[in-house]
Amino acid sequence: APGAARRAGRDQLNALDPGSVPDLGLADDGPSWATLAILVLVVALPYAYWWYEIVPARRRQIASSKRRGEIREYLEDLSEAPQGERIGEKWMYDKYLREGKLLDGPRPKGAADAVGAFEDGLQEALPGGGFWSFDNPVFVVLLVAGAFVASQLAGRLFA
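Worth saying up front: this structure is predicted, and the values here are computed from it rather than measured.

Colleague: How do you make sense of the overall build of the protein when you look at a structure like this?
Modeller: Across its full length, the protein carries eight helices and zero strands. Element order for the protein, N to C, with α for helix and β for strand: α-α-α-α-α-α-α-α. Taking all 159 residues of the protein together, the buried fraction comes to 15%. Of the contacts made within the protein by residues no fewer than 6 positions apart, 30% connect residues no fewer than 24 positions apart.

Colleague: I'm lost on a negative patch on the surface in this one. Help?
Modeller: A cluster of acidic residues, E70, E73, D77 and E80, forms a negative patch on the protein surface. In this fold, E73 is placed in helix 3 (residues 70-80).

Colleague: Would you mind going over the packing of aromatic side chains with me for this structure?
Modeller: Within this structure, the stated rule accounts for four aromatic pairs. Between Y47 and W51, the ring centres sit 6.4 Å apart and the planes meet at 10°, which makes this aromatic pair stacked. Residue Y47 and its partner W51 are both found in helix 2 (residues 33-68); the two are separated by four residues, about one turn of the helix. On the numbers, 6.4 Å between centres and 45° between planes, the contact of Y93 with Y96 is tilted. You can call Y93 partly exposed: its relative accessible area is 32%. With a relative accessible area of 25%, Y96 lands in the partly exposed category.

What counts, and at which threshold
- Residue positions are given per chain, counting from 1 as you read along its sequence in written order.
- Per-residue local features are limited, in this predicted model, to residues with pLDDT of at least 70; the limit for side-chain atom pairs, both in listing and counting, is 80 or more; totals at the level of whole chains, interfaces and linings are taken over all residues.
- The side-chain figures draw on all heavy atoms in the structure; neither hydrogens nor water molecules are used.
- Numbered from the N terminus, helices here are DSSP runs of H or I no shorter than four residues, and strands are runs of E no shorter than two.
- Exposure is judged per residue with a 1.4 Å probe applied to protein chains only, and the accessible area is read against the type maximum: over 50% gives exposed, under 20% gives buried, and values in between give partly exposed.
- Throughout, a residue-residue contact means that at least one pair of heavy atoms, one from each residue, lies within 4.5 Å.
- Two joining distances apply to patches: 9 Å for like charges and 5 Å for nonpolar side chains (Val, Leu, Ile, Met, Phe, Trp, Tyr), and every residue must have over 30% relative accessible area and no salt bridge.
- Per-residue and other accessible areas follow the Shrake-Rupley method at a 1.4 Å probe size, with only the shown protein chains counted as cover for residues.
- Definition used for salt bridges: Asp or Glu carboxyl oxygen within 4 Å of a side-chain nitrogen of Lys or Arg.
- In this tally, Lys and Arg are treated as positive and Asp and Glu as negative; His is ignored, and so are the chain termini.
- By convention, the point assigned to a charge is CZ for Arg, NZ for Lys, CD for Glu and CG for Asp.
- Centres within 6.5 Å are what make two rings of Phe, Tyr or Trp a pair, Trp counting through its six-membered ring; a difference in plane orientation under 30 degrees is then read as stacked, over 60 as edge-to-face, and the rest as tilted.

Right, dumping it as structure tokens:
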């Protein structure tokens, strides 16, 4: 019978003399400082690399491309399009066409001003605003790491 082997093992364990079993001490259930330091580094290093390397480099690339690159070529093609064509694109990129001095004349009333106001406050309008938005991979990693830590703490506290 399957239960007989289990009972026999339990009886042998109960028959052991407590003095013959070495005392191994209590296991430490809390995370070590090294584990916490590794967790902080796993989150902090990608953040620092993203914030101090990737973001500034990408901003420089975009600024350079707007002056003389793919974005500039696109804006020039857009500005050379006939009056009735690519209206949506011209409306959307009105600000950049004017900054690049590719579009002269009066600004259309209302719509472009609304786009300018929207673009100027876009980062603040995002949920959490700017850095604290879900389009930032560092913020997402922080959330995932925080959820993992919270789940581990909850598992230890309520287990």
